[in-house]
Amino acid sequence: MTSLRKRLFLILVAATGAIWLSAVVWIYVGAKAEVEQVLDTRLQEAARMVSSLVGSGEVAASRAIAAVPGLSPEPASYERQLSCQVWSLDGRLVARSSGAPDARLAENASGFSDRVVEGETWRVYAVENVATGVRVMVGDRLGLRERLVADLIKGLIAPAFLIVPLLGLLIWVSLGRGLRPLNAMADQLQVRAADDMSPIAVGNVPVEVMPLARSLNALFAKVELARRHERDVTAFAAHELRTPLAGLKTQAQIAIAATDPAMKEGALRQILVSVDRTTRLVRQLLAIAKLDAHGVAPDGEQVIVGDLLDEIIAALKPSNTAIQVDVEPALHSFRVRANREILSLALRNLHENALQHMPGGGTVSWRLSLDGQGVIVEDEGPGIPDDELPLVTQRFFRGRHKTVAGTGLGLAIVAIAINRLSARFSLQNRDGRRGVSATISFEEARRAKEDALAGP
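Residues numbered from 1 in each chain as written. Predicted model: local features only at pLDDT ≥ 70, side-chain atom pairs only at ≥ 80, totals over all residues. Heavy atoms only, no water.

The name that an unreviewed UniProt entry assigns to the chain is histidine kinase, with the source organism given as Bosea vaviloviae. Quoted verbatim from the Catalytic activity (unreviewed entry) field of the UniProt record, the comment on the chain reads "ATP + protein L-histidine = ADP + protein N-phospho-L-histidine." If you open the UniProt record of the chain and go to Subcellular location (unreviewed entry), you find "Membrane". (UniProt positions renumbered as here; feature names shortened; annotations may be inferred.)

And the structure:
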């Protein structure tokens, strides 16, 4: 398991070390250039001073060398590490400082030059005085300059061995304090009960942790809604099943006790009605559960709506011979790309709902919509009161015109199934006639499919 605290700690320590190292390199390069410039200036000043004293004619070369600061033998100071030579223009060594090599320091007549003398590299500045016939050379060893810069860098690196552990400790402690809201949130979630879906308190949550807290609260809200919905479905299902099961028991007792054949037959018929109602309720509950399990419909196929309706109508033959079913021929050439199982579920429940609400007979009509993008089914039942139209797609809502076999789930299943197909479902009473007209429009589903195929 990866620790966020350890990961942040390593990142911060590595970043701090990289910055420190970069600073050391930058200081080294800058300090070296500055030191060389300062020391070169020092060489120039010393050489010109000796040349000036010698050129005045009042001071001998050896005394001029001794008079210039930095040319006397004091090894403890860099300023006393300079070496000076005075050469005549005809090539004779006139004078030199203590510690200066016997070999000539520079071949140039004047200016700066680097030369290896007796195995060491020297930085030399030469001044030629034609009037007095001498050439003054002042130099120092480059190795000494490197030691000066190295001592400076050591002064920067040495504290790092003390500061870096302290800095690492401070970073570790700071990360612990910074991650404390996450630990507090984890502790709060750990101690709460399994059924506690109350939102997390976000009063003192940092801005960076706020999206996580909000997402968890949104998840808790969804889970609580799902649990409440599950409890409602269970309660409604238990209530709806109680009636047909009680009826089954009662009618079975009547059939057993009855001696009159007509009474026994009536009781058995009522048992069949109760079984049909219970079977339909269980089937619809399973359909609801299956639809709830899928957020969107699986990939579809080309479905001929008329052929699918023929299958549904053949399987749901009305028990009342006074009910007629009419399917417009145009539907047999109407194709939609949809999941066949879910579309069949929606059409089946629409057809079954229409049959259930026409106990006195009538015609169930299936036809193509005027725009050619949908299917319309119309019945000749009592219709739906206007105030109940927005409610009939709610689960277990049965309304004032409920039937004995109704469960209040048929139109709810239709609405959910149509939504899974990305289509649109509308319901209204027929104008000037009895009954209800239901429309399934596939225009939006086709447009969404075309947009998806077209891409960005």
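## A closer look at the sheet that holds strand 4 (residues 120-129)
Strand order in the open sheet made by the 5 strands is 2-1-5-4-3, with antiparallel pairing throughout. Lying at the two open borders of the sheet, with one neighbouring strand each, are strand 2 (93-96) and strand 3 (111-117). On average, each strand axis in the sheet is inclined to that of its neighbour by 25°, with strand direction left out of account. (Pairing = 2+ DSSP bridges. Helix = DSSP H or I, 4+ residues; strand = E, 2+ residues; numbered from the N terminus. Axes fitted to C-alpha atoms, helices over the stretch in contact; angles between N-to-C directions.)

## Notes on the sheet that holds strand 10 (residues 374-378)
In space, the 5 strands of this open sheet follow the order 7-9-10-12-11, with mixed pairing throughout. Only two strands of the sheet have a single partner each, and these edge strands are strand 7 (323-327) and strand 11 (424-429). Neighbouring strand axes in the sheet, compared pairwise and without regard to direction, differ in orientation by 10° on average. When strand 10 meets strand 12 (residues 436-441), the two strands line up antiparallel, connected through 5 bridges. Bridge pairing in strand 12 places glutamate 378 opposite serine 437. Strands strand 7, strand 9 (362-368) and strand 10 of the sheet are contacted by helix 8 (residues 305-315), whose axis makes an angle of about 160° with strand 7. Against the sheet, helix 9 (residues 340-356) engages strand 7, strand 9, strand 10, strand 11 and strand 12, with an angle of about 150° to strand 9. (Contact = heavy atoms within 4.5 Å.)

## Focus on the pattern of salt bridges
In total, this model carries 12 salt bridges according to the counting rule given. Between glutamate 378 and arginine 367 there is a salt bridge, with the nearest N and O atoms lying 3.0 Å from each other. Taken together, the positions of glutamate 378 in strand 10 and arginine 367 in strand 9 put the pair 11 residues apart, joining distant regions of the chain. Taking the relative accessible area as the measure of exposure, glutamate 378 reaches 13% and is therefore buried. Look at arginine 367 and you get partly exposed, because its relative accessible area is 28%. Residue arginine 430 is joined to glutamate 378 by a salt bridge in which the shortest nitrogen-to-oxygen separation is 3.4 Å. With arginine 430 in the loop between strand 11 and strand 12 and glutamate 378 in strand 10, the pair connects residues that are 52 residues apart, well separated along the chain. (Salt bridge = Lys/Arg side-chain N within 4 Å of Asp/Glu carboxyl O. Buried < 20%, exposed > 50% of the residue type's maximum accessible area, 1.4 Å probe, protein only.)

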